[in-house]
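If you want the building blocks of each chain, they are given just below.
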Amino acid sequence: MPHPTTSEPGLRQSTYRFRCITCGDSGDTSGQDFRCGKCRDLLEIVYPSWTSAAPSAADLKSAWHKRRLSAAPIDLSGVWRFREILPPLPADDQAITLREGNTPVYELPRCARSTGIPNLLAKHQGMNPTGSFKDTGMTVAASFARQAGFGWVACASTGNTSASMAAYAARGGMRSLVLVPEGKISWSKLSQALDYGAVTCQLRTDFDGCLRLLQELVRRAPVYQLNSINPFRLEGQKTLALELLEQLDWQPPDHIIVPGGNLGNSSAIGKALLEMRELGLMSRLPKLSIIQAEGANALVRTVRETGGKRLISVQAETHATAIRIGNPASWKKAVHVLEATGGACEQVSEIEIAQAKAEIGAEGIGCEPASAVTLAGLRKLAAQGFVQPKEAVVLVLTGNLLKDPDFTMGFHRGDLLPGKAGDRNSETLRPLRRAPIVLDATLDAVLRILDQAEKFDPTHSHG
Ligand code: F0G
């Protein structure tokens, strides 16, 4: 049954073009590899219609608010609800949507106390349909893939992109090809791709090797590339920032902190912040900071050692496998958003990641390891004075706790980062570990455990 959608008088769909981020060359179409025909750098989507007739901020806010009462699939999507700032589809029913977006903003009272930042919130993108932020970009890019008539879509992935792509391809009646590094992604993510019907190849290389191969493949075969090089992905991922600002009644926080891997998400959020300011949706820019794992710190090194002028690739290694990336494709876009918003770029250790993940878990929220770099990074930025105690901070949690059960089990059992008894690192982690307890099935045995837990749980507070 067709649902009426809410289109507001006075609001028109935006016209869009592709523009090269380096030479500025622009056009109405892009090649299969989403690179500039002249200088080969990445493309971004821009909206020329905003220069002559920008939509009014008040009209936009009112239309987006009203759509929350609509039952039409496109309005129930937390991405397409903001369609005036997205590339338009020919018709509303052409969106492939799983009702993505609409993710909660949580308070983190215990983390707020432990970091000394009382005004601390988390936007949990792990609450998306396939459990990660990728869905917000995938709904847009997959819809345009189908629009362009493709029967196949493909991606290289550390796991979440492939899970999301496979789901949206299945919903849209397309076939999907997944390239993942063998043995380096979580089973939970791999199992999603299998269940959603993807042809899944585990390549004997790392993520960077998978991505290189994919870019050659799309030049040879009629396969549509759904990595974050695809600028439609970033347009969808932009809506995280719009939804967040709407949830905060359009009062920008002082800081937004996001993990950095291939650097598409940070680029997308930064683009949204700059566009929101341009459209008058908010008056002040939050600082967008990007946190990487020490073992996958290409952007940190690029900023520190070359002032953001030249990419320093690294051989990536981290237990946070989602961000195990050494040659990030969108590094130039990320450097731009760091400079434009005045954000910082930091790195955190494996111990700091594990600690932060357990602390977010202990709030009853949970996230995957890559998301926890945000809390670990905040702790560092606060110690450096870059984040002040009176400032409002939002962490972007990118993936669900259930995405990486091996990490979580390894941590709580003490197999992951065991350290040596008495050393500082293992003493930091020990109180956070909660190994499962095997007991005889007697009431006494369980009562004894309850008694011990009541006495010795140092992380629990009744306050
Ligand atoms: N957090 C999670 C949970 C991720 O899956 C990723 C990236 C990131 C953070 C980093 O985002 O790449 O935009 O900087 N995962 C990709 C994938 C690479 O294939 O699933 P980014």
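Note that this is a predicted model, so its numbers are computed, not measured.

**Student:** So, the overall build of the chain: which residues are in play, and what are the values?
**Tutor:** From N to C terminus, the chain includes 17 helices and 13 strands. Whereas a compact globule of 463 residues would reach a radius of gyration of roughly 23 Å, the chain reaches 22 Å, a difference of no more than 12%. On the principal axes, the C-alpha backbone points of the chain span a range of 70 × 55 × 50 Å. Going through the 463 residues of the chain one by one, you find that 57% of them count as buried. Pairs at least 24 residues apart make up 70% of the contacts formed inside the chain by residues separated by at least 6 positions. Put simply, the chain shows about 19,600 Å² of open surface, and 52% of that area lies on carbon and sulfur atoms. Counting 52 positive and 47 negative side-chain charges, the chain places the averaged centre of each group 4 Å from the other.

**Student:** Help me get a handle on the nonpolar core, residues and values and all.
**Tutor:** Core analysis: the biggest nonpolar cluster contains 94 residues, and Leu273, Met276 and Leu281 have the highest contact counts within it. Other than its neighbours up to four places away in sequence, Met276 contacts Ala241, Leu242, Leu245, Trp250, Leu281 and Met282. Val348, Ile360, Ala382 and Val393 belong to the second largest nonpolar core, which has 31 residues in total.

**Student:** Which residues make up the environment of Arg310, and what values go with them?
**Tutor:** Inspection of the secondary structure assignment puts Arg310 in the loop between α11 (298-306) and α12 (331-341). Judged by its relative accessible area of 53%, Arg310 is exposed. Setting aside anything within four residues of it in sequence, one finds Arg310 in contact with Thr302 and Trp331.

**Student:** Describe a nonpolar patch on the surface, naming the residues involved and giving the relevant values.
**Tutor:** Together, Ile437, Leu439 and Val446 make up an exposed nonpolar region whose accessible area comes to about 260 Å². Turning to its location among the elements, Leu439 is positioned in the loop between α16 (424-429) and α17 (443-456).

**Student:** I'd love a proper account of the sheet that holds strand β1 (residues 17-20), names of residues and values included.
**Tutor:** Reading across from one edge, β2-β1-β3 is the order of the 3 strands in this open sheet, with antiparallel pairing throughout. Two strands lie at the open edges of the sheet, namely β2 (26-27) and β3 (43-46), each paired on one side alone. The strands that helix α9 (residues 231-247) touches are β1 and β3; relative to β3, the one it contacts most, it runs at about 50 degrees.

**Student:** Provide a residue-level description of unusual backbone geometry, including the pertinent values.
**Tutor:** Note: most peptide bonds trans; most residues except glycine with negative phi. In this structure, Phe34 is a non-glycine residue whose phi angle is positive, near 55 degrees. The exposure class assigned to Phe34 is buried, which follows from its relative accessible area of 3%. Phi is positive for Arg40, close to 75 degrees, though the residue is something other than glycine. Relative to the helices and strands, Arg40 resides in the loop between β2 and β3.

**Student:** Tell me what's going on with the pairing of strand β8 (residues 199-203), and back it up with residues and numbers.
**Tutor:** Pairing of strand β7 (residues 175-181) with β8 involves 5 bridges; the strand directions are parallel. Along β8, the bridge assignment pairs Leu177 with Val199. Assessed by its sense of winding, the connection that carries the chain from β7 through helix α7 (residues 187-195) to β8 is right-handed.

**Student:** Explain the pattern of salt bridges to me, and be specific about the residues and the numbers.
**Tutor:** In total, this model carries 25 salt bridges according to the counting rule given. Residue Asp28 is joined to Arg17 by a salt bridge in which the shortest nitrogen-to-oxygen separation is 2.7 Å. Taken together, the residues span a long stretch of sequence, with Asp28 in the loop between β2 and β3 and Arg17 in strand β1 at a distance of 11 residues. A salt bridge links Asp451 to Lys455; its shortest N-O distance comes to 3.2 Å. With Asp451 and Lys455 both in helix α17 and 4 residues apart, this pair spans about one turn of that helix. Ionic contacts of the salt-bridge type, sharing partners, join the residues Arg67, Asp75, Arg83 and Glu84 into one network.

**Student:** Describe the packing of helix α5 (residues 134-147) against α9, listing the residues and the values that go with them.
**Tutor:** Packing of α5 against α9 brings their axes to within 7 Å, and their N-to-C directions diverge by 140 degrees. Overall, the two elements α5 and α9 adopt an arrangement that is oblique. Crossing hand, α5 versus α9: right-handed. Between α5 and α9, the contacting residues are Lys134, Thr136, Gly137, Met138, Val140, Ala141 and Phe144 on the first element and Phe232, Arg233, Gly236, Gln237 and Thr239 on the second.

**Student:** Mind laying out the packing of α9 against helix α10 (residues 264-278), listing which residues take part and the relevant values?
**Tutor:** Contact geometry of α9 with α10 gives a least axis separation of 8 Å together with a crossing angle of 55 degrees. Of the possible angle classes, the one that applies to α9 and α10 is oblique. The chirality of how α9 crosses α10 is right-handed. Contacts from Leu234, Glu235, Gln237, Lys238, Leu240, Ala241, Leu242 and Leu245 in α9 reach Gly264, Asn265, Ser267, Ala268, Ile269, Lys271, Ala272, Leu273, Glu275 and Met276 in α10. Looking at the contact of α9 with α10 residue by residue, the classes come out as 10 nonpolar, 4 polar and 4 charged.

**Student:** An account of the site of the ligand is requested, with residue identities and associated values reported.
**Tutor:** Taken together, 20 residues lie near the ligand, and Ser157, Gly261, Asn262, Leu263 and Thr398 sit nearest. One of the backbone nitrogen or oxygen atoms of Gly264 is found 3.1 Å away from an oxygen atom of the ligand. Here the ligand, which alone exposes 470 Å², has 98% of that area covered by the protein. Looking at the shell around the ligand, the elements that each hand over two or more residues are α6 (160-171) and α10. Split into classes, the residues belonging to the shell around the ligand amount to 7 nonpolar, 11 polar and 2 charged.

**Student:** Help me get a handle on the environment of Gly261, residues and values and all.
**Tutor:** Position of Gly261 relative to the elements: it lies in the loop between β10 (255-259) and α10. Sequence spacing of Gly261 and Ile74 is 187 residues, and the spatial spacing of their C-alpha atoms is 30 Å. In this view, Gly261 contacts Gln292, Ile323, Ile325 and Pro328; residues no more than four positions away in its chain are not counted.

**Student:** Before we move on, can you summarise the sheet that holds strand β5 (residues 120-124) with the specific residues and values?
**Tutor:** Pairing within the open sheet is mixed, and its 6 strands lie in the order β4-β5-β13-β10-β11-β12. Looking along the sheet, the strands with just one partner apiece sit at the ends: β4 (105-107) and β12 (345-348). Direction aside, the axes of adjacent strands within the sheet are offset by 25 degrees on average. Relative to β12, strand β11 (residues 287-293) is paired through 4 bridges, and the arrangement is parallel. By the bridge assignment, Ile291 is partnered in β12 with Glu346. Sheet contacts for α9: β4, β5, β10 and β13 (393-397); angle to β5, the most-contacted strand, approximately 135 degrees.

Reading the values: rules and limits
- Residues numbered from 1 in each chain as written.
- Predicted model: local features only at pLDDT ≥ 70, side-chain atom pairs only at ≥ 80, totals over all residues.
- Heavy atoms only, no water.
- Helix = DSSP H or I, 4+ residues; strand = E, 2+ residues; numbered from the N terminus.
- Rg over C-alpha atoms; globule rule 2.2 N^0.38 Å.
- Buried < 20%, exposed > 50% of the residue type's maximum accessible area, 1.4 Å probe, protein only.
- Contact = heavy atoms within 4.5 Å.
- Areas by Shrake-Rupley, 256 points an atom, 1.4 Å probe, with all protein chains shown as cover.
- Lys, Arg positive; Asp, Glu negative; His and termini not counted.
- Charge placed at Lys NZ, Arg CZ, Asp CG, Glu CD.
- Core = buried A, V, L, I, M, F, W, Y, C linked by side-chain atoms within 4.5 Å.
- Patch = residues over 30% accessible without salt bridge, like charges linked within 9 Å, V, L, I, M, F, W, Y side chains within 5 Å.
- Salt bridge = Lys/Arg side-chain N within 4 Å of Asp/Glu carboxyl O.
- Pairing = 2+ DSSP bridges.
- Axes fitted to C-alpha atoms, helices over the stretch in contact; angles between N-to-C directions.
- Right-handed = clockwise from strand over helix to strand, strands pointing away.
- Parallel < 35°, antiparallel > 145°, perpendicular 65-115°, else oblique.
- Left-handed = near helix turned anticlockwise from the far one by under 90°.
- Nonpolar A, V, L, I, M, F, W, Y, C, P; charged D, E, K, R; others polar.
- Near = heavy atom within 4 Å.
- Polar contact = N/O pair within 3.5 Å; in protein donor to acceptor, adjacent residues only side chain to side chain.

Spatial relationships are all this shows, so hold off on functional conclusions.
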